[in-house]
Number of protein chains: 4
Amino acid sequence: MAKCRAPVFVGADKRLEVREYDLPDLKAGEVLVKMMTAGICGTDVHMWHNPKTPAPMIFGHENVGVIAELGEGKKLDAVGQEINEGDLVVFGGFVPCGSCYTCTIAKEPTSCRKGITYGTTSNNTPPYLRGGYAEYVHLVPNAGIVKIPSERQVKKALLAVIGNRTIVHGFEKIGGLQAGDTVLVQGSGPIGLAALIQSKLSGAGRIIMVGAPESRLKVAKDLGADQVVNIEEAKAPDDRVRLVNDLTEGRGADVVIEASGGSTAVEEGIMMTRIGGKYLIIGQATDYGPRAINPYNITRKQLRVAGSWAAMPHHLFRAMQTLRDLEIPLDKLFTHRFRVEEATEGLETVDSLQSIIAVIQHK
Amino acid sequence: MAKCRAPVFVGADKRLEVREYDLPDLKAGEVLVKMMTAGICGTDVHMWHNPKTPAPMIFGHENVGVIAELGEGKKLDAVGQEINEGDLVVFGGFVPCGSCYTCTIAKEPTSCRKGITYGTTSNNTPPYLRGGYAEYVHLVPNAGIVKIPSERQVKKALLAVIGNRTIVHGFEKIGGLQAGDTVLVQGSGPIGLAALIQSKLSGAGRIIMVGAPESRLKVAKDLGADQVVNIEEAKAPDDRVRLVNDLTEGRGADVVIEASGGSTAVEEGIMMTRIGGKYLIIGQATDYGPRAINPYNITRKQLRVAGSWAAMPHHLFRAMQTLRDLEIPLDKLFTHRFRVEEATEGLETVDSLQSIIAVIQHK
Amino acid sequence: MAKCRAPVFVGADKRLEVREYDLPDLKAGEVLVKMMTAGICGTDVHMWHNPKTPAPMIFGHENVGVIAELGEGKKLDAVGQEINEGDLVVFGGFVPCGSCYTCTIAKEPTSCRKGITYGTTSNNTPPYLRGGYAEYVHLVPNAGIVKIPSERQVKKALLAVIGNRTIVHGFEKIGGLQAGDTVLVQGSGPIGLAALIQSKLSGAGRIIMVGAPESRLKVAKDLGADQVVNIEEAKAPDDRVRLVNDLTEGRGADVVIEASGGSTAVEEGIMMTRIGGKYLIIGQATDYGPRAINPYNITRKQLRVAGSWAAMPHHLFRAMQTLRDLEIPLDKLFTHRFRVEEATEGLETVDSLQSIIAVIQHK
Amino acid sequence: MAKCRAPVFVGADKRLEVREYDLPDLKAGEVLVKMMTAGICGTDVHMWHNPKTPAPMIFGHENVGVIAELGEGKKLDAVGQEINEGDLVVFGGFVPCGSCYTCTIAKEPTSCRKGITYGTTSNNTPPYLRGGYAEYVHLVPNAGIVKIPSERQVKKALLAVIGNRTIVHGFEKIGGLQAGDTVLVQGSGPIGLAALIQSKLSGAGRIIMVGAPESRLKVAKDLGADQVVNIEEAKAPDDRVRLVNDLTEGRGADVVIEASGGSTAVEEGIMMTRIGGKYLIIGQATDYGPRAINPYNITRKQLRVAGSWAAMPHHLFRAMQTLRDLEIPLDKLFTHRFRVEEATEGLETVDSLQSIIAVIQHK
């Protein structure tokens, strides 16, 4: 029986342990993917540090691989494209249940609490291969895979799954940009950079990025940011608000995208949004409890605020479409790659903000 | 020269002083209105208590009266209806400047900071008559008056200007209700009751009102509230969230409208909104600084939040249309009326929450 | 082996032939429904007259029944409610494929061309029971059934599946009504009456119905129509446009809903919509080829026009919610009922416009 | 008294006659503009040929000039920017009345029927200078001028007023583009090319232009069209629909923009729009009466159709913003310029489709 290896989380801050697993037999509709690349996400780092994270676990919820085997039945990806063994595919870490109130009535499947997850839950039951850090991933039927049209699009597909799909979804929630909009992005990590890319694509007239460290802001400029505000220099939120005010004729930005998760970010973002502007809150993905936020400004400035969480396969597909022909300095984005044995070094690299995007590279 | 009387604010918590003013001559486009009724708003009470309120001032920004005189020029109300002396009219307290960025580009005239106000700024310069507590009000051209079709509609017009126009505007901001929605209203004052009326009109399937005191909740039930939560009984926000949760199959309401201005209201409201639901924040009209609000829930539940401020004449016109044929127990709403000399008692009555709606009744 | 009877279409304009079928064995996820009531739709009449309709066929795509048997597996209805044998359920006639571009990317599953249909395709292959005129219907997994909360809601569920769900969907497409809107409905058949009901529910300030015959317009008035235009009296489209113009201060209606399928209806409807108004085209459900329509008016009046086709289970669920507590003169709507043997008489009754809603009543 | 010259329309197809006019005195709020450039619009050609066009008339409703004199009062442009004599400004040909139902309630001022027009109504009354072909134009107060930030932006401002503002408005009506959309533009005249520019700016993934002649399609390619369909080659509408079908995987475009005014264009456009797609009808600006259009496809494909007419100053301002830093081959767009004496040659040039954009160049 064929085997595969995976770096396994075995406890908070412990070195990931490389273990070997049997490749499973597939039931109807199931898919076995031989992994090529898995993004090392900030969420992985948080889980790695968190004593409450259930062990064992295989991380990896931003994944590109090759279909190794297809179970019986319909051979279609999540957007209706025919798939076969050998096809390149991309997939995320969550499959909504499809039958709860959230999925069927509220039509917000990414907020479903009953779905199946990859890369963020324990792999203590068969078939174990539930995260993209492993050499193979076993997928339930309809797990949201999307075919990658060619090998040249693999890195674009990774960009799509790492942050761009989330922004595509978020823009849908906020009613889109209008060409010429002044956009402010809070946070210069992978999601913030994706916000920058998608804003540029959508015709933003000016893009201001608020983030750190300098290395990321430099990449932001390469990707089209018109101005950057370095939060290591402008350390006080009030100073940053003042700077943004000065950059926007005293008005604030038309659209602000929170992609930082910072503790003061939402209050700042509200201050940085112009009267009647839009504020998209994507980055507050961890429950740190209440923050100091002044709701008066939402009423007085008549803001439209929207939260958005993760993305569905059609957002991923759309993100891939938007990136397909775009000239992007991919090498400046994919700065670090690690082998299965080096997964722990990968987490450390992301933790220390040395990388822009770091990945587990399987071959 | 004809004269008129007005109860004038002369200092925080002091008795309003009845003074006499000359009726002004009108320039082109100006209008002189003989007042019938002016709402006594909670804002008036706040200003009355506030040492920073500039004196002298004539309160009154929710007004119904009769056109006493029209200056030269175009005789049209704000929605294009012909007007003449003797016509009944309704008007609010703010006229946007019409030429700033907020008015012309952002298209949010109610957020304009450069307009002219009635009832909320000092009347220390001619023509002095700048608030509806006075027997006459002098209006600049294009001051946003709307004709009332008949005497029988006067109370409906008051209801429209007191809160319903604000909700019409707010519903526009939040994209409207869908028939069958479960709506939760935070706050049982005039704005909250207007939210209830407009929600009922818009096909809400169920309306839950969270407020106090009992007398107002009783009126809320008469107006169509299906359930009420008395915040004097359920004093802890967590308890209220739990109650609402129980009333909504554990999901929260489809649409929540904040009309209370309460210090914990926004955090509560977010907790009370279902996944993918809408949250309209109208009540946070005073800047009390930051509150404890957990932004994670906006992201995780993918809420759409909107602020809305005041209303334009077309919202007022629409509000009047929606109320025109509606059967409402008006006597239960208009509970207290005061003469010019009794304006101070009017403020005290509103302050103590004895009234539902209290007014200065000029004749 | 248990048997059931069904009136079967065997050729254009021929009497439906009552045949007997074996009740099938169920595979995982399949459902067998014992029918209570099936709507006799105008579409059934069209198919009955049409020589191209493939025979044999069992009509019936607006269905209420009782779950007789559930195949293995998940026991949930289309909106996530638990279902068991004996439960009352409602279901329509179309199950989208779920995997084509239309379903996955365009997110317009009701326009899917690859789904499974009930009541509108030939039943020449097992398990034969593919239409609600039969005593039993066999359903594939995930066929879009929605549980009816109680026996008292059966007629409301029928109303929901017969036309209200379609209007709920249509209102979603057109961005909803605003309370106070003047709504004009073209067509006084079941869909038009559903448009009237949902408009009334959504706060329409005035509803004008254009249709015939007089008996239906009388019901329309009972349901809340403020004005009716009888097309048997005002026979020329121009006259009707003039009448509507007079009823709307020369402006046209805020929202017009085409629910007639008439050959001149769309051109008329465009003429009857006010500048900046909305036009929802639901009734043009048969391809009769091009009509004479002046596109200049769409540009000049800046209309928003939307087409909407059928409905999904969550629209059906929402329609049921909106009708649940509504007082409706149900007896005036459900005017005719026919037994299996009388299905042909049912079609004739609908054809001659004698009925408002006619049904096959199974017990 | 200073004089100015203007080429005046004196009868259908007659040579425009150069006449001399006195420069008028200005009342409060009025503005006198010394013209630099006026677009020669297809509408001008239609009026020139039309026996019903009232003479005398000075054409010119797409205008750039310099403020020669400002009447007393507020010195602000239509978007609140301070203006002074000597400032470069751009303005269109219509000033809504601001007080009718269309302006105040329907909020569709560009559809107002009571406003003041420049370049499209007779100049038979003082102050005569009512069109941009004249050396000076006299403007009423609040005539919708927008300041041009610098001389280098003059051509961009012309592009904005000639078609881009109309598309900005249209995109607002249709709810904007989504990055990655496949956009099809019908018509390769100035409005069609503006649609192309704005679609490209808004992130269109692919743009197909259907038009003629070859010279314009060549420019379309330079501006970013991915594919072109030459209607002089594919003469039958059915052939064009088939070609577009082939270019879009059999689905049609996500968004179709009608900018041709063609007699079969709307029926074609509907056929070329994908299920659930958007169709923006801007080009049907002349009332040629009914066309053959199949409404079934609107219902069956669930299209969202919107008409849009002209634009307001804030659309013009936004259009200028979007173009400001864009690299455009301006010389390929502005192909022909004519002096006042040559205005008739200008009309002939536009009529024969030799030009892309032709203008009256005053100095």
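First, a word on scope: everything that follows refers to the structure included in this document. Here the residue numbers are simple positions, counted from 1 along each chain's written sequence. Each chain is given a letter, starting from A, and each ligand a number, starting from 1, according to the order in which they appear as written. Local features are withheld for residues below a pLDDT of 70 in this predicted model, meaning they are given only at 70 or higher, and side-chain atom pairs are given and counted only at 80 or more; totals for whole chains, interfaces and linings count all residues. The side-chain figures draw on all heavy atoms in the structure; neither hydrogens nor water molecules are used.

## So, the overall build of chain A
Definition in use: Numbering of helices and strands runs from the N terminus; a helix is a DSSP stretch of H or I covering at least four residues, while a strand is a stretch of E covering at least two. The cut-offs for exposure are 20% and 50% of the maximum accessible area for each residue type, with area from a 1.4 Å probe on protein chains only; residues under the lower value are buried, those over the upper are exposed, and the others partly exposed. Contact definition: two residues touch when any of their heavy atoms are within 4.5 Å.
Helices and strands together make up the secondary structure of chain A, namely 11 helices and 18 strands. Taken over the C-alpha atoms alone, chain A extends approximately 65 × 40 × 40 Å along its principal axes. Taken over 363 residues, chain A has a buried fraction of 63%. Look at the contacts in chain A between residues 6 or more apart in sequence, and 68% of them connect residues 24 or more apart.

## Looking at the relation of the copies chain D and chain C
For the record, the criterion: Copy-to-copy superposition: least squares on the C-alpha atoms, limited to residues that have pLDDT of at least 70 in both copies.
Once chain D has been moved 0.0 Å along the axis and rotated by 180°, it coincides with chain C to within an RMSD of 0.0 Å. What we have between these two chains is a two-fold relation. When the interface residues of chain D are mapped onto chain C, 100% of them again lie at the interface, so the same face is used by both copies.

## Brief notes about the interface of chain D and chain C
To be explicit about the condition: Values labelled buried area give the accessible surface lost by two parts on being combined, using a 1.4 Å probe and summing over both. What makes a salt bridge here is a side-chain nitrogen of Lys or Arg within 4 Å of a carboxyl oxygen of Asp or Glu, nothing more. Throughout this description, a polar contact denotes any pair of N or O atoms lying within 3.5 Å of each other; where both atoms belong to protein, one of them has to be capable of donating a hydrogen while the other can accept it, and for residues adjacent in sequence the pair is counted only when both atoms sit in side chains. Polarity classes work like this: nonpolar for Ala, Val, Leu, Ile, Met, Phe, Trp, Tyr, Cys and Pro, charged for Asp, Glu, Lys and Arg, and polar for all others, with Gly in that last group.
Each partner contributes to the interface: chain D provides 43 residues, whereas chain C provides 43 residues. Each partner contributes to the roughly 3700 Å² buried at the junction of chain D and chain C, and carbon and sulfur atoms together form 56% of this total. It is Thr299(D), Arg300(D) and Gln302(D) in chain D that bury the most area against chain C; as a group they hold 19% of the surface buried on that side. Our count for the chain D to chain C interface comes out at zero salt bridges. Put simply, chain D and chain C have 17 residue pairs in polar contact (both at pLDDT 80 or more) between them. Elements that contribute at least two residues to the side of chain D that touches chain C include exactly helix 2 (101–104), helix 3 (154–174), helix 7 (265–272), strand 14 (273–281), strand 15 (291–293), helix 8 (296–300) and strand 16 (304–307) of chain D. A breakdown of the residues in the side of chain D that touches chain C according to their chemical character gives 18 nonpolar, 13 polar and 12 charged.

## Focus on the sheet that holds strand 13 (residues 253–258) of chain B
Hydrogen bonds along the backbone pair up the strands of a sheet, which may run parallel or antiparallel. The condition is simple: Criterion used throughout: strands pair if DSSP finds at least two bridges between them. Between the N-to-C directions of two axes lies an angle of 0 to 180 degrees, each axis being a line fitted to C-alpha atoms and, for a helix, fitted only over the stretch in contact.
Read across the sheet, 12 strands follow the order 12(A)-11(A)-10(A)-13(A)-14(A)-16(A)-16(B)-14(B)-13(B)-10(B)-11(B)-12(B) without closing on themselves; strand pairing throughout is mixed. Across the chains shown, the open sheet's two edge strands, defined by having one partner strand only, are strand 12 (227–230) of chain A together with strand 12 (227–230) of chain B. Along the sheet, successive strands turn relative to each other by an average axial angle of 15°, direction set aside. Pairing geometry for strand 10 (residues 182–186) of chain A and strand 13 (residues 253–258) of chain A, over four bridges, is parallel. Bridge pairing in strand 13 of chain A links Val183(A) to Val255(A).

## Brief notes about the side chain of Thr322(A)
Looking at the secondary structure, you find Thr322(A) in helix 9 (residues 313–324). According to the relative accessible area criterion, Thr322(A) is buried, its value standing at 8%. Sequence-distant contacts of Thr322(A), that is, excluding residues within four places in its chain, are made with Gln198(A), Leu201(A), Ala179(D) and Gly180(D).

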